[in-house]
Amino acid sequence: MARIVMKFGGTSMAGIERIRSVAARVKREAAAGNQVAVVVSAMAGETDRLVGFCREASPLYDPREYDVVVAAGEQITSGLLAIALQAIGVPARSWLGWQLPIHTDEAFAKARIGTIDTQALDASLSAGEVAVIPGFQGVTADGRITTLGRGGSDTSAVAMAAAMKADRCDIYTDVDGVYTTDPRIVPRARKLAKVTYEEMLELASVGAKVLQTRSVGLAMKEKVRVQVLSSFTGDDAPMADTLPGTMIVGEEEIEDVERQLITGIAHDKNEAKITLTSVPDKPGSVASIFEPLAAANINVDMIIQNIAHRSPSTTGASSSATDVTFTVPAADLPRSIEALNQARETIGFGELIHDMRVAKISVVGVGMRSHAGVASSMFTTLGARGINIQAISTSEIKVSVLIHEDETELAVRVLHTAYGLDADEAA
């Protein structure tokens, strides 16, 4: 008997018929003798609808009340799935975030899970019940509902799998695995049988929409084996442990991780570029830029500081100044501008210029640790097609560049071919 966490996304829960299909799939897993906990997302589009209500009620809404509203979507689907399971003879009950409880910090709308008390859940599973748990939510120490950020149900599922000491966490979604790139852009993209935690973490952080970044980081930390597979394979599909999805695992489970130089190429259009001109070139200036952004819980990605230039001051002397460019999530651009303008006197910048028509393109692969020339090949390939690079960032297994958003698909296609990832070249 194994302990399995099954997570179903919004498209899998979009309507009663799909919920019934999910119930049938869960029943098969339970009938095989496994203890099953199911984590569910809200119905497709429901969270957006609830967010819209909050913004319509007040553009400057209280994030504590925002969490109360948007957590309702998962509460509905967890109750409906429990009802659907009971209707086909499966003992099941729903467990809301406060009932387990799933303890989080007080960063409303972006809460982080601390601990999960599974004592009551363990007893329920041992009694043969299927547990249905709403993803995306938790509770603070003083009992306030919190949510984990968009895509947070993935994190909920991995956290539950870790707390329950589950044998596997199956993430059911509308794709049948992790591909070398978005197959809608490159039809010859290949599905990967296995991906390392590190590669998946980088891919998720730079735009791959398969899994939420935090969920992958948590899986790597807790060594939770995660499988990505499709929930749209038909009622007669094989059991999850025989389906050809993609396993997210440690490097020790992948033979010859250096064989494939690049594992995948990701793109992200949800970026915004900010440039602050004439920032004083002195110790502490850069810190004064990013401290107010950090205080507002805004993540900064690519950072470029130009060479300082001398400019005359009002006293006739000359002072040294520089321009600083960086990227933030597009959704955080208004708050970023507000935070920077409020700190303008402290920072001392001249002008704030922002641009939302940018995209981040990234190549990822653990093989680049032992191979030189990955970045050079990327720059050469893009340059040959006239694609201008606006910013660059790197890590041990990733190279990312910022380009104009209109050139996104071209960049992905030419890089996919340049690194030999096309399906007809991979045999």
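First, a word on what this report is: a plain description of the structure on this page.

What counts as what
- Per chain, residue numbering runs from 1 following the sequence as it is written.
- Predicted model: local features are reported for residues with pLDDT of at least 70 only, side-chain atom pairs are reported and counted for 80 or more only, and whole-chain, interface and lining totals are derived from all residues.
- Hydrogen atoms and water are omitted, and side-chain values are computed over all heavy atoms in the structure.
- For helices the rule is a DSSP run of H or I covering at least 4 residues; for strands it is a run of E covering at least 2, with both sets numbered from the N terminus onward.
- Note that the radius of gyration is over C-alpha atoms, with the globule rule given as 2.2 Å times the number of residues to the power 0.38.
- Each residue's exposure class comes from its accessible area (1.4 Å probe, protein chains only) as a fraction of the maximum for that residue type: buried when under 20%, exposed when over 50%, partly exposed otherwise.
- Contact between two residues is taken to exist if any of their heavy atoms lie within 4.5 Å; hydrogens are not considered.
- Every accessible area reported is derived by Shrake-Rupley at a probe size of 1.4 Å, with residue values counting cover from the shown protein chains alone.
- Only four residue types enter the tally: Lys and Arg on the positive side, Asp and Glu on the negative side; His and the chain ends are excluded.
- By convention, the point assigned to a charge is CZ for Arg, NZ for Lys, CD for Glu and CG for Asp.
- The rule for a salt bridge is simple: a side-chain nitrogen of Lys or Arg has to be within 4 Å of a carboxyl oxygen of Asp or Glu.
- Strand pairing is assigned whenever DSSP identifies at least 2 bridges connecting the two strands.
- Under this definition, polar contacts are N or O atom pairs within 3.5 Å; protein pairs additionally need one hydrogen-donor-capable and one acceptor-capable atom, and for neighbouring residues in sequence, both atoms have to be side-chain atoms.
- Each Phe, Tyr or Trp ring (for Trp, its six-membered ring) is paired with any other whose centre lies within 6.5 Å, and the angle between the two planes then decides the class: stacked below 30 degrees, edge-to-face above 60, tilted in between.

1. Quick look at the overall build of the protein chain
Within the protein chain, the secondary structure is distributed over 13 helices and 21 strands. Here the protein chain has a C-alpha radius of gyration of 24 Å; the compact-globule value for 427 residues is 22 Å, and the two agree. Expressed along its principal axes, the backbone C-alpha trace of the protein chain runs to roughly 85 × 55 × 35 Å. When each of the 427 residues of the protein chain is scored for burial, the buried share is 49%. Across the protein chain, the fraction of contacts at a sequence separation of at least 24, relative to all contacts at a separation of at least 6, is 74%. Accessible surface computed for the protein chain: about 19,200 Å², of which carbon and sulfur atoms make up 52%. If the 40 positive side-chain charges of the protein chain are averaged to one point and the 53 negative ones to another, these points end up 2 Å apart.

2. Observations concerning the pattern of salt bridges
Per the stated rule, a full pass over the model turns up 23 salt bridges. With a closest N to O distance of 2.9 Å, R64 and D62 form a salt bridge. Judged by relative accessible area, which is 28%, D62 ranks as partly exposed. Of the charged contacts in the structure, one is a salt bridge between K221 and E222, with a shortest N-O distance of 2.9 Å. A relative accessible area of 36% means that E222 is categorised as partly exposed. Taken together, the salt bridges that share partners define one network made up of E198, E251, R369 and E396.

3. Some details on the side chain of S12
With respect to the helices, strands and loops of the structure, S12 is situated in the loop between β1 (3-8) and α1 (16-31). S12 sits in the buried class, given a relative accessible area of 2%. Discounting residues that sit within four places of it in the chain, S12 has contacts with R18, I19, V22, Y172, T173, S231 and F232.

4. A closer look at helix α7 (residues 197-205)
What α7 keeps buried is the set Y197, E199, M200, E202, L203 and A204. Looking one or two residues past α7, G207 carries a phi angle of roughly 125°, positive in sign.

5. Considerations on the pairing of strand β13 (residues 226-230)
Of all five residues that make up β13, five are buried, and the element is covered over most of its length. Covered by surrounding structure in β13 are V226, V228 and S230 together with Q227 and L229, the residues of both alternating faces. Sheet topology note: the strand β9 (residues 168-173)/β13 ladder contains five bridges and is parallel. Paired with D170 across the strands is Q227, a residue of β13. In terms of strand pairing, β13 meets strand β14 (residues 246-249) through three bridges, oriented antiparallel. Opposite Q227, over in β14, you have M247 as the bridge partner.

6. A few points about the side chain of D268
Tracing the backbone shows D268 in strand β15 (residues 264-280). One polar contact links the side chain of D268 to the main-chain amide nitrogen of N270, over a distance of 2.8 Å. Beyond its immediate stretch of four places on either side in the chain, D268 contacts V206, G207, K209, V358, A359 and K360.

7. Observations regarding the packing of aromatic side chains
Applying the stated criterion to the full structure yields three aromatic pairs. Relative to Y66, the ring of Y61 has its centre 4.9 Å away and its plane inclined at 10°; by these criteria the two rings are stacked. The class for Y66 is buried, based on a relative accessible area of 11%. A centroid spacing of 5.1 Å and a plane angle of 70° characterise the contact between F290 and F326, whose relative ring orientation is edge-to-face. In this pair, F290 sits in helix α9 (residues 285-295) while F326 sits in strand β18 (residues 318-329), placing the two residues 36 residues apart along the sequence. The pair formed by F290 and F326 is uniform in burial state, with each residue classed as buried.

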